[in-house]
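A closer look at the structure
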Amino acid sequence: MAETRNHLSPAEGIWSLRRLPDMDEAQFNQWQTLLEHRTGITLSSGRKSFLETNLGIRMREIGCSSYQAYYEKIISGPDAVVEWSTLVDRLTVQETRFFRDPDAFRLVSDYVLTRPRETLKRRPLEAWSVGCSTGEEPYTLAMLLNESMEGLSLQPLFGVTGSDISKPAIDKAQSGLFSARKLMGMDDAMKARYFRPAERNNVEIIESIRERVCFTRLNVLDLKHAPMHGMNIIFCQNLLIYFRRWRRREIVKRLAERLAPGGLLVLGQGELTDWQPPGLQRVPSEHVLAWIKRQTDEE
């Protein structure tokens, strides 16, 4: 069903709904090409209605009456950069919550608990959440690392970086404020330990965890320029599904380059099949797609 937009009829002086024309194939191909070129994200023909809906909502907000006019505004308008950022946020921010994949987080915990104690004492653990959206994943990693270090009776020497292409998502993550429904499924003791009540029925991450997590805006197409290196844990779930197979492999190769020897890379189930990333050893697990970076003799 095509998107509609509010239209004020000068003759009637009242708001009415006017139908936007359906997006034709040429227009859809134009938007497909733009999104893939700038973000690497591919939209199948089956997601045409998704694109129409999200474009239509934004076009209604700014009073734009045609897909072509909005495309030109994105490409060369005076506010093109800002408008592109807003649109990318609408198209990429996904629903998420704390401890979304228990099996994957359990694997991370087991990984930390089996590290040599002397190594954990000597060097802080560095974790990276790629495509972190509004911050639930990196904060979950921080809570998990804190629990693991405490279980080992060690000082909480760790840091977590969250990166995402969406600036509004990053801004939301940095606030540390979440609706209570984001905590659904979490253990009550963990909720009580790491969250405090906030205004408007929200909850807030405690300061000792927030100060361990930093956020940065990053397009995964620019990973070769990313400043992250020597990461012990890289968590990248529910992101690669938006990319073509060859680009998924390219992204994983770049991520593997940023792992420390012995570091752990966790992906979403089914996001990478029939390929063994060079230099990585698959972690034997039926429920989690993960690899350990091999250590050379020199390391």
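Residues numbered from 1 in each chain as written. Predicted model: local features only at pLDDT ≥ 70, side-chain atom pairs only at ≥ 80, totals over all residues. Heavy atoms only, no water.

Bringing helix 3 (residues 67-76) into the picture now. Three or more residues of helix 3 are buried, namely Y67, Y70, Y71 and I74. The buried residues of helix 3 occupy an angular sector of 105° when the element is viewed end-on, so they sit on one face. Contacts from the buried residues of helix 3 go to helix 1 (25-39), helix 2 (48-62) and helix 4 (80-92). (Buried < 20%, exposed > 50% of the residue type's maximum accessible area, 1.4 Å probe, protein only. Helix = DSSP H or I, 4+ residues; strand = E, 2+ residues; numbered from the N terminus. Arc of directions from axis to C-beta. Contact = heavy atoms within 4.5 Å.)

Here we come to the sheet that holds strand 8 (residues 213-217). Spatial ordering of the open sheet is given by 8-4-3-9-10-12-11, a layout of seven strands whose pairing is mixed. Each having just a single partner strand, strand 8 and strand 11 (280-282) make up the two edges of the open sheet. Strand-to-strand twist of the sheet, defined as the mean angle between neighbouring strand axes without regard to direction, takes the value 20°. Sitting on the sheet, helix 7 (residues 136-151) is in contact with strand 3 (125-130), strand 4 (158-164), strand 8 and strand 9 (231-236), with an inclination near 165° to strand 4. Against the sheet, helix 11 (residues 245-257) touches strand 3, strand 9, strand 10 (259-267), strand 11 and strand 12 (289-293), its axis set at about 145° to strand 10. (Pairing = 2+ DSSP bridges. Axes fitted to C-alpha atoms, helices over the stretch in contact; angles between N-to-C directions.)

Helix 7 packs onto helix 5 (residues 102-113) with a crossing angle of 35° between their chain directions and a minimal axis gap of 10 Å. Two packed elements cross with a definite hand, and for helix 5 against helix 7 that hand is right-handed. For the pair helix 5 and helix 7, contact is made by F105, V108, S109, V112 and L113 and by E137, T140, L141, L144, L145, S148 and M149, respectively. (Left-handed = near helix turned anticlockwise from the far one by under 90°.)

It is worth spelling out the sheet that holds strand 6 (residues 195-197) at this point. On the basis of which strands lie adjacent, the open sheet formed by three strands has the order 5-7-6 and antiparallel pairing. Unpaired on one side and paired on the other, strand 5 (177-179) and strand 6 mark the two borders of the sheet. With strand direction ignored, the average angle separating the axes of adjacent strands in the sheet is 40°. Two strands pair when backbone bridges link them, and strand 6 and strand 7 (residues 202-205) are joined in this way by three bridges, in the antiparallel orientation.

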